[in-house]
Amino acid sequence: MSNKRDLKKDINYVLGDIIEAVYVWELAHAEKPTKESEAVIDEAIVTFDELIARVNDRGAENKKAHFKAINADLESKGRDLIEKINNLK
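Rules used throughout
Residue positions within a chain follow its written sequence, with the count starting from 1. Only residues with pLDDT of at least 70 get local features here, since the model is predicted, and only at 80 or more are side-chain atom pairs given and counted; chain-wide, interface and lining totals rely on the full set of residues. Side-chain measures here rest on the full set of heavy atoms in the structure, leaving out hydrogens and waters. By the criteria applied, helices consist of DSSP H or I runs no shorter than four residues and strands consist of E runs no shorter than two, each listed in order from the N terminus. We call a residue buried when its accessible area falls under 20% of the maximum for its residue type, exposed when it is over 50%, and partly exposed in between, using a 1.4 Å probe and counting protein chains only. Contacts are assigned to residue pairs that have any heavy atoms within 4.5 Å of one another. Salt-bridge detection follows one rule: a side-chain nitrogen of Lys or Arg within 4 Å of a carboxyl oxygen of Asp or Glu. Every axis corresponds to a line fitted to the C-alpha atoms, with the helix fit spanning only the stretch in contact, and the corresponding angles, defined between N-to-C directions, vary from 0 to 180 degrees. With respect to orientation, any angle under 35 degrees is reported as roughly parallel, any angle over 145 as roughly antiparallel, any angle of 65 to 115 as roughly perpendicular, and every other angle as oblique. Under the convention adopted here, Pro, Cys and the residues Ala, Val, Leu, Ile, Met, Phe, Trp and Tyr are nonpolar, Asp, Glu, Lys and Arg are charged, and Gly plus all remaining residues are polar.

1. Focus: the overall build of the protein chain
Within the protein chain one finds three helices and zero strands. Written out in order from the N terminus, the α and β elements of the protein chain read α-α-α. Every one of the 89 residues in the protein chain was classed for burial, and the buried ones make up 29%. Sequence-distant contacts in the protein chain: of pairs separated by 6 or more residues, those separated by 24 or more amount to 67%.

2. Comments concerning the pattern of salt bridges
Tallied over the full model, the rule gives four salt bridges. A salt bridge links Glu43 to Lys84; the shortest N-O distance between them is 2.5 Å. Separated by 41 residues along the polypeptide, Glu43 in helix α2 (residues 35-56) and Lys84 in helix α3 (residues 63-86) bring together distant segments of the chain. Arg79 serves as the salt-bridge partner of Glu75, at 2.9 Å between the closest nitrogen and oxygen.

3. Things to note about the packing of helix α1 (residues 4-28) against α3
Interaxial distance between α1 and α3 falls to 10 Å at its minimum, and their mutual angle equals 5°. In terms of orientation, α1 lies roughly parallel with respect to α3. Residue-level inspection shows Lys4, Leu7, Asp10, Ile11, Val14, Leu15, Ile18, Ala21 and Val22 of α1 in contact with α3, the latter providing Phe67, Ile70, Asn71, Leu74, Gly78, Leu81, Ile82 and Ile85. Partitioning the contact of α1 with α3 into residue classes produces 13 nonpolar, two polar and two charged.

So far we have only geometry, and geometry alone does not tell us how the molecule works.
Structural data, given as C-alpha cells:
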C-alpha cells in the first residue's frame, strides 16, 4: 500500500466499476431495473462511504495495519458484490 490517496483511488475504482457493471446488466436486461440490482448499487454506495470514513479516521495506532485491513475489506466486499451481480435474474 503506497499511501492514503492510492487507497482512496482503489476504493473509488473498484466500487465504481461494480456500479457500472450493474448498469450494464440493467441495459442488457432492459425489461425493467429490478429491486435486486438497485439494492446492489445501494450496498456499493454504503460500502464506499464506510471505507472512505475508515480511511479518513486518524485514530489508528498502526496505520500500515489499519490500511491493510481496509484493503482486505474492500477486496472481500467487492467480491461479495460481484457475486450478487452474477446472481441477478
